Amino acid sequence: MVQFGLDFISKEPIHKGWSCDEKYCVTGREGTKYLLRITPEEKSRGRKEMFRIQEEAWTRGVPMCRPLAFGECEGGVYTLQSWIEGEDAETAVPLLADARQYALGLEAGRILKKIHSIPVPEGCGDWESRYGAKLERKLELYRECPIHYEGGERFIEYIRENRHLLRGRPQCCQHGDYHIGNMMLEAGELRIIDFDRCDYGDPWEEFNRIVWTAQAAPLFASGMVNGYFDGQVPEEFWRLLALYIAGNTLSSIPWAIPFGKGDVETMLKQGREILEWYDGMERVVPSWYFEGYYLQEIDGIPYKLKEPFDFGFVHRYGKVFRVFDDQDSGNICFGTEKDGERYFVKFAGAPAERYEGDLQEAVERLRETVPIYKALQHESLVQLVAAEETGGGFAAVFRWAEGDCMGRMYPAEHRRIMALPVEERLRIFGDVLGFLRHVAEKGYVAVDFYDGSILYDVREHKTTICDVDVFRRQPCVNDMGRMWGSSLFQAPEEYQMGAGIDEVTNVYTAGAMAFALFGNYQRTREAWTLSQALFAVVDRAVRNDRGERQQSLGQLLEEWESALREG
């Protein structure tokens, strides 16, 4: 098909977004995909200037669809751009590790700075007059609107008390709708899309859409602010941002009414959330804002620390392909590859961001795990291959185990495990029970055993236990008060100083794991997805009274298998 002087072999419509444009993914004869936008004639004013701004942004290094052609067509104008093969950032970013979310936010802020380096044309008019008139229209629309926010007068008061901040503000080119919904991830890197609202104005007003970003990924939103200001955020920015957000929020309900009740409810909910962020407009820094991590990179992968630390020694174990930095144990871990083999390197001695204890104690704890892994060798336990003093701390090196982690600190992996067929989750639970019984037979008790300790490889149908660091030999007494672990998997005795911790304690742990896998972490019959007989077995396992539980993991396993046979 030949259109607009261009030769395409296919044209697939795109239905996402709020734009009035018709959008298509078109494919040229050479097999290359492009984004084609057709703007109706009545809406085409300013589209040529938009194309010019896109060209300017491209030359300044903004990662985006490259503008390729612009012209008139039947019924309007068309724009042809390069195609981005990626994921919507709004969906993909919240599933990433915290450090990666924050690092991408920093990049989004730096990219915005490039857009803002495009100057305004002559005769643009002063910002106070231009935005002041817009603000009056927003206030008028809200006053005339039949639907108001509860507490909406707080927005109006804040605008009245702070609109003088508009005086003398600089102006630049604006993307016009800069938020996570107009970004994509292509091969893990940010791409900016949808310049169709580009304009000129106060560079700080560009952050007014950060509301959508903060709702989806507050770490990304925080990184965006910090990246733009290189970590030095002026107080006046926060005061102006609150002004711009207040104005936008007031006008959002009149905007939403033509789209129906659902969109109105979305805006009312958003307004309530904004008032919570700003404590009824009594504070100027929103509650979602995070001042940031200290970030380092290794082999292109960002990770967070409290302060700089030299991890150059990690390359002895190979090239890093993944970093695990969310542990509160004092360890930071790396996935490495060397000579075709993959390893999991657990290191203590660095200032891990979430660790609040003494570094030397973390080193000693990791050192003490070595005999535990050796004593508990099992087909379901990750395999220890080396342990050594290095890098000013201690490293334990394991064979890499493929699979998703069940822990909720890795949302995408957790969701994949929870969405597995019942047969697969039954296999995981059976493996967990078998391993815990092995632990008891070896004279140990599982401490700090929770969903984050479990990996599952769906292709190989293999469960791997990846963390037994603080398991203890029997006899074991609670000498901490609240012991290490997740409260969702801890028995009452793990909170009681002097209480015995034994196999009956791990019966409780196993029962809690069953409720996680088959009851969405809820211990009710309504949430339970298996039979009544199986529910009765695990309901007994998590009784607060130790005497009412099964008295061994073998007994729990026997009752579970019997109930399974009953169907």
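For the structure itself, consult the block above.
Residues numbered from 1 in each chain as written. Predicted model: local features only at pLDDT ≥ 70, side-chain atom pairs only at ≥ 80, totals over all residues. Heavy atoms only, no water.

> Can you lay out the overall build of the chain for me, pointing to particular residues and giving the numbers?
A tally of regular secondary structure across the chain gives 15 helices and 23 strands. Oriented by its inertia axes, the alpha-carbon framework of the chain measures out at about 80 × 55 × 55 Å. Here the chain, with 567 residues, has 53% of them falling under the buried criterion. A sequence separation of at least 24 residues applies to 62% of the contacts in the chain between residues at least 6 apart. Roughly 25900 Å² of accessible area belongs to the chain as shown, and the carbon and sulfur atoms make up 47% of that amount. Placing the 67 positive and 92 negative side-chain charges of the chain at their respective mean positions leaves the two points 1 Å apart. (Helix = DSSP H or I, 4+ residues; strand = E, 2+ residues; numbered from the N terminus. Buried < 20%, exposed > 50% of the residue type's maximum accessible area, 1.4 Å probe, protein only. Contact = heavy atoms within 4.5 Å. Areas by Shrake-Rupley, 256 points an atom, 1.4 Å probe, with all protein chains shown as cover. Lys, Arg positive; Asp, Glu negative; His and termini not counted. Charge placed at Lys NZ, Arg CZ, Asp CG, Glu CD.)

> I'd like to hear about the sheet that holds strand E14 (residues 319-324), residue by residue, with values.
Pairing within the open sheet is antiparallel, and its five strands lie in the order E14-E15-E16-E18-E17. The sheet terminates laterally at E14 and strand E17 (384-390), the two strands that pair on one side only. Adjacent strand axes in the sheet meet at a mean angle of 25°, parallel and antiparallel pairs treated alike. (Pairing = 2+ DSSP bridges. Axes fitted to C-alpha atoms, helices over the stretch in contact; angles between N-to-C directions.)

> Pulling in residues and values, what's your account of the side chain of Asp448?
Within the fold, Asp448 resides in the loop between strand E20 (444-445) and strand E21 (454-457). Among buried Asp, Glu, Lys and Arg side chains, Asp448 stands out as unpaired, with Arg482 the closest opposite charge at 7.5 Å. (Salt bridge = Lys/Arg side-chain N within 4 Å of Asp/Glu carboxyl O.)

> Could you give an account of the pairing of strand E16 (residues 341-348), naming the residues involved and the relevant values?
Buried residues dominate E16, accounting for six of its eight residues. Where strand E15 (residues 331-338) and E16 come together, eight bridges link them in antiparallel fashion. Looking at E16, one finds that Phe334 is bridged to Val345. In sequence, E15 turns back onto E16 through a hairpin of two residues, with Asp339 there showing a positive phi of about 50°.

> So what about unusual backbone geometry? Which residues, and what values?
Look at the link from Gln474 to Pro475: it is a cis peptide, with omega at -5°. When you line up the elements, Pro475 lands in the loop between strand E23 (472-473) and helix H13 (503-519). We note that Asp279 has phi near 50°; this positive angle belongs to a residue other than glycine. Residue position: Asp279 is located in the loop between helix H9 (261-277) and strand E12 (294-298). Using a relative accessible area of 52% as the deciding quantity, one classes Asp279 as exposed.

> So what about the environment of Val447? Which residues, and what values?
For Val447, the position within the fold is in the loop between E20 and E21. Contacts of Val447, omitting those with residues within four sequence positions, involve Val470, Phe471, Arg472, Met483 and Trp484.

> Let's hear about the sheet that holds strand E7 (residues 87-88): which residues, and what values?
Read from one edge of the open sheet, three strands run E7-E9-E10, paired in antiparallel fashion. Two strands bound the open sheet, and with one partner strand each, they are E7 and strand E10 (189-192). Note: strand E9 (residues 183-186) against E10, four bridges, orientation antiparallel. Each residue of the ladder has a partner; that of Leu185, found in E10, is Leu190. Contacting E9 and E10, helix H3 (residues 98-115) runs over the sheet at an angle of about 40° to E10.

> Please provide a residue-by-residue account of H9, values included.
Look at H9: 24 Å from first C-alpha to last across 17 residues, which is about the 24 Å you get at 1.5 Å a residue. Those residues of H9 not exposed but buried are Val264, Met267, Leu268, Gln270, Gly271, Ile274, Leu275 and Trp277. Where H9 is buried, its residues meet helix H5 (152-162), helix H6 (210-216) and helix H8 (235-256). Just downstream of H9, Asp279 is the residue with a positive phi angle, here 50°. (Expected span 1.5 Å × (residues − 1).)

> Any chance you could break down the packing of aromatic side chains for me, citing the residues and the numbers?
The way to describe two aromatic rings as a pair is by their centre distance and the angle between their planes. Across all of its chains, the model carries 46 aromatic pairs by this definition. With 6.5 Å between their ring centres and 70° between their planes, Trp127 and Tyr244 make a pair best called edge-to-face. Note that Trp127 is positioned in helix H4 (residues 127-144) and Tyr244 in helix H8, a separation of 117 residues in sequence. A residue is classified by how much of its surface remains accessible, and Trp127, at 3% relative accessible area, is buried. Overall, the relative accessible area of 0% leaves Tyr244 in the buried class. Through successive ring pairs, a cluster of aromatic residues spans Trp204, Phe207, Tyr228, Phe229, Phe237, Trp238, Trp277, Trp288 and Tyr289. We note Lys304 situated over the ring of Tyr293; from NZ or CZ to the ring centre the distance is 5.1 Å. (Phe/Tyr/Trp six-rings, centres within 6.5 Å; stacked < 30°, edge-to-face > 60°. Lys NZ or Arg CZ within 6 Å of the ring centre and 35° of its normal.)

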